Amino acid sequence: MKKSAEYGERFQRSRIARILLQSRQLRLQSRKLQEKIVDLEKKLLQRDLVIKELNYNLNRINSEIDEEMETAKRIQEGLMPKVLPEMINVKSTAIYIPASKVGGDLYDILMTPSQKTAVLIFDVSGHGIPAALVGAMAKMLFAHFIEKTESPAEVFRLVNRQICSFIGTEQYLTAFLGIIDPVKNNMTYSRAGHVPPLVFHKKNNQITRLDSRGFFIGHSALQNLAEYWEQTINLEPGDKILFYTDGLTEGCNPSGEMYGSERLRNDFSKYAGLELENVLEYIVTDQTKFRSGIPLRDDFTLLCIELGNTESLLNDSGFSREDEPNIRIVNSYADIDKTCAAILKDMDRNGFNDKSIKQFKICTYEMLTNALLHGNKGDSSKKVIVFYKITLFAAAISVMDEGQGFNYNDIPNPLLPENRIKDHGRGLFLIRHYLDDVTFNARGNRITGRKFHHGV
Amino acid sequence: MDIFQHYSNGIVRITLIGQLWQKNELNALSEAVDSSNCQQCKCIILDLQRVSFINSQGLGLLVRIYRDMVDAGGKLILLCNTSSVLEVIEISGFKDFMLIAENEMELQQLLNNEEQKTVV
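Cut-off values and rules
Residues numbered from 1 in each chain as written. Chains lettered and ligands numbered in written order. Predicted model: local features only at pLDDT ≥ 70, side-chain atom pairs only at ≥ 80, totals over all residues. Helix = DSSP H or I, 4+ residues; strand = E, 2+ residues; numbered from the N terminus. Buried ≥ 20, exposed ≤ 12 C-beta atoms within 10 Å, placed from the backbone. Contact = placed C-beta atoms within 7 Å. Expected span 1.5 Å × (residues − 1). Pairing = 2+ DSSP bridges. Axes fitted to C-alpha atoms, helices over the stretch in contact; angles between N-to-C directions. Nonpolar A, V, L, I, M, F, W, Y, C, P; charged D, E, K, R; others polar. Parallel < 35°, antiparallel > 145°, perpendicular 65-115°, else oblique. Left-handed = near helix turned anticlockwise from the far one by under 90°. pLDDT = per-residue confidence, 0-100.

Caption draft 1: Highlighting the overall build of chain A. Counting its secondary structure elements, chain A contains 10 helices and 15 strands. Counting the 456 residues in chain A, one finds 36% classified as buried. Counted over contacts in chain A with a minimum sequence separation of 6, partners at least 24 positions apart contribute 70%.

Caption draft 2: Examining helix 3 (residues 56-71) of chain B more closely. All names here are of chain B. Compared with the 22 Å implied by 1.5 Å per residue over 16 residues, the 22 Å span of helix 3 between its first and last C-alpha is a close match. Ser56, Gln57, Gly58, Leu59, Leu61, Leu62, Val63, Ile65 and Tyr66 are the residues of helix 3 that are buried. A positive phi of about 80° marks Gly73, the residue just after helix 3.

Caption draft 3: Region of interest: the sheet that holds strand 6 (residues 198-201) of chain A. Residue and element names in this part refer to chain A. Pairing is antiparallel in the open sheet, where 5 strands are placed in the order 1-10-9-6-7. Only two strands of the sheet have a single neighbouring strand rather than two, namely strand 1 (90-97) and strand 7 (206-209). The mean inter-strand angle of the sheet, taken between neighbouring strand axes irrespective of direction, is 15°. Inspection of the sheet shows strand 1 paired to strand 10 (residues 300-307) by 8 bridges, in the antiparallel sense. Of the residues in strand 10, the one forming a bridge with Val90 is Leu307.

Caption draft 4: Representation of the sheet that holds strand 2 (residues 11-20) of chain B within the structure. Residue and element names in this part refer to chain B. Pairing is mixed across the open sheet formed by 5 strands, whose spatial order is 1-2-3-4-5. The sheet is open, and its two edges are formed by strand 1 (2-8) and strand 5 (99-101), each paired on a single side. Across this sheet, the average inter-strand angle for adjacent strands is 20°, counted without regard to direction. Note that strand 4 (residues 75-79) and strand 5 share 3 bridges and pair parallel. Each residue of the ladder has a partner; that of Leu79, found in strand 5, is Ala101. Of the strands in this sheet, strand 2, strand 3 (43-54) and strand 4 are in contact with helix 3, which crosses strand 4 at around 145°. On the sheet, helix 4 (residues 83-91) packs against strand 3, strand 4 and strand 5 and is oriented at approximately 115° with respect to strand 3.

Caption draft 5: Spatial organisation of the pairing of strand 11 (residues 326-330) of chain A. All names here are of chain A. Of all 5 residues making up strand 11, 4 are buried, and the element is well covered by its neighbours. Pairing between strand 11 and strand 12 (residues 384-390): 5 bridges, direction antiparallel. Pairing of Ile329 across the sheet is with Ile385, part of strand 12.

Caption draft 6: Region of the structure containing the interface of chain A and chain B. Tallying the contact residues gives 16 residues for chain A and 18 residues for chain B. Those elements that place two or more of their residues in the side of chain A that touches chain B are helix 9 (354-375) and helix 10 (426-434) of chain A. Tallying contributions element by element places helix 9 of chain A first for the side of chain A that touches chain B, with 5 residues. The class makeup of the residues in the side of chain A that touches chain B is 7 nonpolar, 4 polar and 5 charged.

Caption draft 7: Structural detail: unusual backbone geometry. Residues and elements named next belong to chain A. Non-glycine residue Asn205 carries a positive phi angle of around 55°. With respect to the element layout, Asn205 can be found in the loop between strand 6 and strand 7. In this structure Asn205 comes out as exposed when scored by C-beta crowding, with 10 C-beta atoms within 10 Å.

Caption draft 8: Inspection of the packing of helix 8 (residues 333-349) of chain A against helix 9 of chain A at higher detail. All names here are of chain A. Between helix 8 and helix 9, the shortest axis-to-axis distance is 10 Å and the interhelical angle comes to 150°. Considering their axes alone, helix 8 and helix 9 lie roughly antiparallel with respect to each other. Crossing geometry of helix 8 relative to helix 9 is assigned as right-handed. Where helix 8 approaches helix 9, its residues Ile336, Thr339, Cys340, Ile343, Leu344, Met347 and Asp348 are matched on the opposing element by Ile357, Phe360, Lys361, Thr364, Tyr365, Leu368 and Thr369.

Caption draft 9: Molecular detail of the confidence of the model for chain B. Residue and element names in this part refer to chain B. In the predicted model, chain B carries a mean pLDDT of 89, and the fraction of residues at 70 or more is 94%. Confidence scores differ between elements of chain B, with helix 2 (residues 36-40) showing the lowest mean pLDDT of 62 and strand 5 the highest of 95. Per the prediction output, this complex has pTM 0.69; the corresponding ipTM is 0.88.

Structure, rendered in structure tokens:
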């Protein structure tokens, strides 16, 4: 009985001891677990901090990229002409459709030194700031070289050489440059790997493509391969030319099919008879419908020009097409200076003496100032058109304004005593004195004068 | 165009350098003439010896200055020896009513003559 009690006590003690041991082990495990939890929490906190830092950096980089894209966009927008300039016998309109990424599309319409119209469109490879910067440089180079030469192929050669020497990267651009002669009604053009523009011939409602060979511009590694050719196309009044960039034809629909050049050709053919602005609007609408909500991968530009009627312009001027007169638009004093400089240089080249040149200079300034200040009444939206032709036999000029015209018989003779202290009326008097032949049109908004070469 | 003014004994000499045809050039000369010195003076000498070009607007301004001076009881003398400018002035009949000197000696003579007329 005693033994049994001892056994029971021992059993109890060992049980308690086991429980105590287990409890100690559990406490130990619990402490270890707590330590692990603390350790994990610390690690989690550290990880959280790293993630937060990464997020912060990512946001910073994203906003820097956004900022850069915004800058690139601003550079590109700044390079687009705000208003297309008024050209002789050429109407123009353009649309630029941006994509999510900033592209390298640019276009320009410029007047050459002999007042021909230069139409330029180009597309720089790549996106963002690099494309915008190359675009800016190219635009300035094109403008510079168009001032120097009226050969589009030569302009491309010169721009290519400069871009290759400045950049030295594999950034390149495709371009198309056409120089329109408003008197001969033709366009000399060159294509540097650009998508060929489409021409709508009003006479027979036909569409043709302006294909010509030519390498793209600015790829320094391939500089030696670059060669450019030029061609001339005759145009008629009412003909339209559609210039564009490949972002237009590469727009895709939900099944991945591209809008393509055939669809564009059909659309242009459908709308070419409409007003210029409507032509572009309808083409863009059709392309947007075709894409059915699929966003553009690349931005695109559409530029359309229409040839006016040179014949009526020439008839008004008193010159004929055979005379092949030079034509200039004058809108400011600076234009007067430039026009006079060109005329006088031409007279000098044709052997006119100093005295005759100075006399013709006075007449030219008088005609242009009168047209600008009295004819157009200083309204800069109105233009003065000057036609001139200098030959070995005579210097001829015709100045036409958009005013109401005046009766040239109403101008008083400033030599008469009653007029001599009047402060006006001497311009026409000087013109009549210095020129051999002065005529006016019936409306009185055009004066034509001729000075014969002495000794001829 | 550059304009220099020199005032001495009631005579203002305005020297013009450049061309006289654009609005800003005409305004500059008008302002120079309208300045207080000129309003008080008895004679203005317009030195056009270094004017290379003048048009009818410029001639019109010369007539206006002449008219204002005569109305104020003063004189205007043009000093001009550039052949093209002088030719335009002559063709326009200015010699019939304006005092024009082609060099400094002629100018001095004109000034002396005018002085004597005033004394008489």
